[in-house]
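Below are the chains, spelled out letter by letter.
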Amino acid sequence: MEDLVTERLVLHPLTPEEAGQLAEGVPFPGAAWAPGYPMTDDRSAARRFLDTRTRATAGRPHPGAFEIRLRSDGRAIGGVDFHGPADSTGSVTVGYGLIPSARGRGYASEALRAVLAHARALGITRVKGDADHNNTPSHHVMTAAGMHLTGEDHRVRYYETAWHRTGPDTPG
């Protein structure tokens, strides 16, 4: 898989080897990490990617886990990942995070828009996300990326975006 490139970011798809090193907090060859990266959540996401990619099938491959890098200097500032391959309905969950010094600049929304487009190009029909009630910045990120609030419970608000596919490549 190739890098996803946006105006200000490069989303580098992690290989299993890179994800393994990231999970251990060890820079892989060519890695340039900004101070504070990887965070605990980045390392957990790398482990989840390694665990869930084994559930991928030919019909439903894992859409990936990405290191978010600045185009200006190549430094990694966070990550965005799918929590596994799409289910039988074509739905997948996404998560993301940035180091504190990179927040508030629109990077998370920019990265999320890129992976949503990637998911759609792969034939995924729905992407879901959630954020704790008090995580207003994350609510704004998902809304800015085109996701819509679909509900909430006592702990989190749920967001999603969906595309309706027609024709022979319709999943499920």
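Remember, predicted model here, so these are calculated numbers, not experimental data.

About the thresholds
- Here the residue numbers are simple positions, counted from 1 along each chain's written sequence.
- Local features are withheld for residues below a pLDDT of 70 in this predicted model, meaning they are given only at 70 or higher, and side-chain atom pairs are given and counted only at 80 or more; totals for whole chains, interfaces and linings count all residues.
- Water and hydrogen atoms were dropped before computing side-chain values, which therefore reflect all heavy atoms in the structure.
- In summary, the pairing rule links any two rings of Phe, Tyr or Trp, Trp by its six-membered ring, whose centres are within 6.5 Å, and it sorts them by plane angle into stacked for under 30 degrees, edge-to-face for over 60 and tilted for everything else.
- Accessible area is worked out with a 1.4 Å probe on protein chains only. A residue is then buried under 20% of its type maximum, exposed over 50%, and partly exposed in between.
- For helices, the fitted line uses only the C-alpha atoms of the stretch in contact; every axis is such a line through C-alpha atoms, and the angle between N-to-C directions lies from 0 to 180 degrees.
- Put simply, DSSP H or I for four residues or longer makes a helix, DSSP E for two residues or longer makes a strand, and each gets a number counted from the N terminus.
- Reported orientations rely on four angle classes, namely roughly parallel under 35 degrees, roughly antiparallel over 145, roughly perpendicular from 65 to 115, and oblique for the rest.
- If you view the pair so one helix is near and one far, a crossing is left-handed when the near helix is turned anticlockwise from the far one by less than a right angle, and right-handed when it is turned clockwise.
- We call two residues in contact when some of their heavy atoms are within 4.5 Å.
- Any residue outside Ala, Val, Leu, Ile, Met, Phe, Trp, Tyr, Cys, Pro, Asp, Glu, Lys and Arg is labelled polar, Gly included; the first ten of those are nonpolar and the last four are charged.
- Each nonpolar core is a collection of buried residues, namely Ala, Val, Leu, Ile, Met, Phe, Trp, Tyr and Cys, held together in the definition by side-chain atoms within 4.5 Å.

Colleague: Residue-level account of the packing of aromatic side chains, with values.
Modeller: A complete count under the given rule lists two aromatic pairs for this structure. Consider the rings of Phe28 and Trp33, whose centres lie 6.4 Å apart with planes at 75°: the pair is edge-to-face. With respect to burial, Phe28 and Trp33 carry one shared label: buried. Aromatic side chains Trp33 and Tyr37 sit 5.4 Å apart centroid to centroid with 85° between the ring planes, which places their arrangement in the edge-to-face category. Residues Trp33 and Tyr37 agree in their burial class; the two are buried. Joined through ring pairs, the aromatic side chains of Phe28, Trp33 and Tyr37 make up one cluster.

Colleague: Account for the packing of helix H3 (residues 107-121) against helix H4 (residues 136-144), naming residues and giving values.
Modeller: Axis separation between H3 and H4 bottoms out at 8 Å; the angle between their running directions is 40°. Between H3 and H4, the angle is such that the two are oblique. With respect to the hand of their crossing, H3 and H4 are arranged in right-handed fashion. Residues Ala108, Ser109, Leu112 and Arg113 of H3 form the contact with H4, whose own contacting residues are His140, Val141, Met142 and Ala144. By residue class, the composition of the contact of H3 with H4 is five nonpolar, two polar and one charged.

Colleague: Pulling in residues and values, what's your account of the nonpolar core?
Modeller: Counting 45 residues, the largest nonpolar core has Leu11, Ile77, Leu112, Val115 and Val127 as its most contacted members. Looking at this core element by element, the count peaks at eight residues for H3. Apart from the residues lying within four places of it in its own chain, the contact partners of Leu112 are Val94, Tyr96, Val141, Met142, Ala145 and Met147.

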